[in-house]
Amino acid sequence: MLNLAERPRRNRRTAAIRAMVRETIVTPANLVAPLFVTEGKNERIPIKSMPGCARLSLDLLIEECRELEKLGVSGVALFPALENHLKDRVGTESLNPNGLFPRAINAVKEAVPGLAIFTDVALDPYSCDGHDGVVNDFGEIVNDQTAEILAKMSVVQARAGADFVSPSDMMDGRIGAIRKALDAEGFTNVGIMSYAVKYASAFYGPFRDALDSAPKFGDKKTYQMDPANVREGLREIRLDIAEGADMVMVKPALSYLDVIRSVRENSDVPVSAYQVSGEYAMVKAAAERDWIDGTKVALEILTSIKRAGADVIFTYFAKEAAQHLG
Ligand code: PBG
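Residues numbered from 1 in each chain as written. Predicted model: local features only at pLDDT ≥ 70, side-chain atom pairs only at ≥ 80, totals over all residues. Heavy atoms only, no water.

1. A look at the overall build of the protein chain
Then step 1. Helix and strand content of the protein chain: eleven helices and twelve strands.
Then step 2. Seen along its three principal axes, the alpha-carbon backbone of the protein chain occupies a region of about 75 × 45 × 40 Å.
Then step 3. A separation of at least 24 residues holds for 75% of the contacts in the protein chain among residues at least 6 apart in sequence.
Then step 4. When the accessible surface of the protein chain is totalled, it reaches about 15300 Å², and 51% of it is carbon and sulfur.
Then step 5. Charged side chains of the protein chain number 39 positive and 45 negative; the gap between the two group centres comes to 8 Å. (Helix = DSSP H or I, 4+ residues; strand = E, 2+ residues; numbered from the N terminus. Contact = heavy atoms within 4.5 Å. Areas by Shrake-Rupley, 256 points an atom, 1.4 Å probe, with all protein chains shown as cover. Lys, Arg positive; Asp, Glu negative; His and termini not counted. Charge placed at Lys NZ, Arg CZ, Asp CG, Glu CD.)

Listed below in structure tokens is the structure:
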């Protein structure tokens, strides 16, 4: 027999003891479900590379939101899928108060007022170039003109019922511009969830299928961050909080747990992390082949994201996870 003063296994012996000493608990309240909106009635257009996810027409969107609320999920992040003929270089449709997106925001707010609505602020769903900002004749993404449009877009979304406008574009100075525009219109209660540390990641592939929003040329590396950098992320966080961000995000999540930890330790606002489409697709693909238990793997990953320091997790597993977390 070993003469051991400490036997850590004693604290793992029964389910009751394990539950008692568990350090990290993911609850449905930590989760935000991203949802894709499309025109029509009773439309559910499955997204091939994201099994279980679909573009939903407003009626089905509301049904889905009701179910999520019942399961205790705190919020939804809405993204519009627009027809190509509505797209142009400056994202004109994003400012249309009767457009698909404001109607969707309003419908969810009316039908399920208890759910927090995060609305996407960026040009890519509305841009014929598939970029998050305005592209000039040299193929450059123009910062300040884009920030101005994003500020106007935020006001349209706030008026429709957004709880948090969520700029996902990575332009410099857009948080300040948005805060100023919201306040000027009296929307001092509408928050800003900044996609502050968003990497130029290959994990976004399936999402661009979902919205048909892949860049028509080049890549997003002049605005989204280099996956190799973490200090640069802290700089982004510092600026966004100074400009008025109420929450900040790290995106993607699983390959960036060290960044989440670092952001947590260097800020005093809630930190969110976005488990993106490619992260979801990998788990689903392996689960479909019976190579892993998809739900267990998903819950393990969500726990790791929270353990790294995220308060809020944007995840396509929100519903499935909430059903199992009970
Ligand atoms: C674009 C946007 C993207 C995602 C959310 N907003 C893609 C991109 O930057 O190209 C990705 C989300 C995901 O992959 O799940 N504004």
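2. Digging into the packing of aromatic side chains
Then step 1. By the definition in use, this model includes twelve aromatic pairs.
Then step 2. The interplanar angle of 40° and the centroid separation of 6.0 Å between the aromatic rings of Phe36 and Phe79 together place this pair among those described as tilted. With a gap of 43 residues between them, Phe36 in strand β1 (residues 31–37) and Phe79 in strand β4 (residues 75–80) connect regions that are remote in the sequence. Of the two residues, Phe36 and Phe79, neither departs from the other in class, the shared state being buried.
Then step 3. Following the ring pairs from residue to residue traces out a cluster consisting of Phe36, Phe79, Phe118, Phe164, Tyr195, Phe207, Tyr274, Tyr280, Phe314, Tyr316 and Phe317.
Then step 4. Residue placement shows Lys251 over the ring face of Tyr204; its charged tip is 4.7 Å from the ring centre. (Phe/Tyr/Trp six-rings, centres within 6.5 Å; stacked < 30°, edge-to-face > 60°. Buried < 20%, exposed > 50% of the residue type's maximum accessible area, 1.4 Å probe, protein only. Lys NZ or Arg CZ within 6 Å of the ring centre and 35° of its normal.)

3. Examining the pattern of salt bridges
Then step 1. According to the stated counting rule, one finds 16 salt bridges in the structure shown.
Then step 2. The partner of Lys319 in a salt bridge is Glu64, with the nearest N and O atoms 3.3 Å apart. Here Lys319, found in helix α11 (residues 318–325), pairs with Glu64, found in helix α2 (residues 58–70); they are 255 residues apart in sequence, far enough to count as distant.
Then step 3. With a relative accessible area of 13%, Glu64 lands in the buried category.
Then step 4. Lys220 is the salt-bridge partner of Asp124, the closest N and O atoms lying 3.9 Å from each other. With Asp124 in the loop between β5 (116–121) and β6 (134–135) and Lys220 in the loop between α6 (205–211) and α7 (231–243), the pair connects residues that are 96 residues apart, well separated along the chain.
Then step 5. Residues joined in a network through salt bridges with shared partners are Glu64, Glu67 and Lys319. (Salt bridge = Lys/Arg side-chain N within 4 Å of Asp/Glu carboxyl O.)

4. Considering unusual backbone geometry
Then step 1. Looking along the chain, the bond that leaves Lys251 and enters Pro252 is cis, with omega of -10°.
Then step 2. Although it is not a glycine, Met170 adopts a positive phi angle of roughly 70°.
Then step 3. Accessibility expressed as a relative area gives 5% for Met170, which makes it buried.

5. Section: the site of the ligand
Then step 1. Around the ligand lies a shell of 16 residues, among which Arg208, Lys220, Lys251, Ser277 and Tyr316 are the nearest.
Then step 2. At 2.8 Å from an oxygen atom of the ligand is found a side-chain nitrogen or oxygen belonging to Gln224.
Then step 3. One of the side-chain nitrogen or oxygen atoms of Tyr316 is found 2.6 Å away from an oxygen atom of the ligand.
Then step 4. Considering the ligand on its own, with 400 Å² of exposed area, one finds that the protein chains cover 100% of that surface. (Near = heavy atom within 4 Å. Polar contact = N/O pair within 3.5 Å; in protein donor to acceptor, adjacent residues only side chain to side chain.)

6. Some thoughts on the nonpolar core
Then step 1. Core analysis: the largest hydrophobic core is formed by 103 residues, its most contacted members being Leu61 and Phe314.
Then step 2. For this core, the element with the highest residue contribution is helix α4 (residues 143–160), accounting for seven residues.
Then step 3. Residues in contact with Phe314, not counting those within four places in the same chain, are Val32, Ala77, Phe118, Met193, Tyr195, Met249, Ser272, Ala273, Tyr274 and Gln275. (Core = buried A, V, L, I, M, F, W, Y, C linked by side-chain atoms within 4.5 Å.)

7. Details of the packing of α4 against helix α5 (residues 174–184)
Packed helix pairs are characterised by how far apart their axes lie and by the angle those axes make with each other.
Then step 1. Remark: α4 packs on α5, axes separated minimally by 8 Å, with the N-to-C direction vectors making an angle of 45°. As summarised for this structure, α4 and α5 are arranged oblique, according to the angle between their axes. Taken as a pair, α4 and α5 cross one another with a handedness that is right-handed. Contacts between α4 and α5 involve Ala147, Leu150, Ala151, Ser154, Val155 and Ala158 from the first element and Arg174, Ala177, Ile178, Ala181 and Leu182 from the second.
Then step 2. Of the residues assigned to the contact of α4 with α5, the class counts are nine nonpolar, one polar and one charged. (Axes fitted to C-alpha atoms, helices over the stretch in contact; angles between N-to-C directions. Parallel < 35°, antiparallel > 145°, perpendicular 65-115°, else oblique. Left-handed = near helix turned anticlockwise from the far one by under 90°. Nonpolar A, V, L, I, M, F, W, Y, C, P; charged D, E, K, R; others polar.)

8. What about the environment of Ala111?
Then step 1. On the secondary structure map, Ala111 appears in helix α3 (residues 100–111).
Then step 2. Relative accessible area serves as the criterion here: at 26%, Ala111 is assigned to the partly exposed category.
Then step 3. For the pair formed by Ala111 and Glu148, sequence separation is 37 residues and the distance between their alpha carbons is 31 Å.
Then step 4. Setting aside chain neighbours within four positions, we find Ala111 in contact with Ile62 and Arg66.

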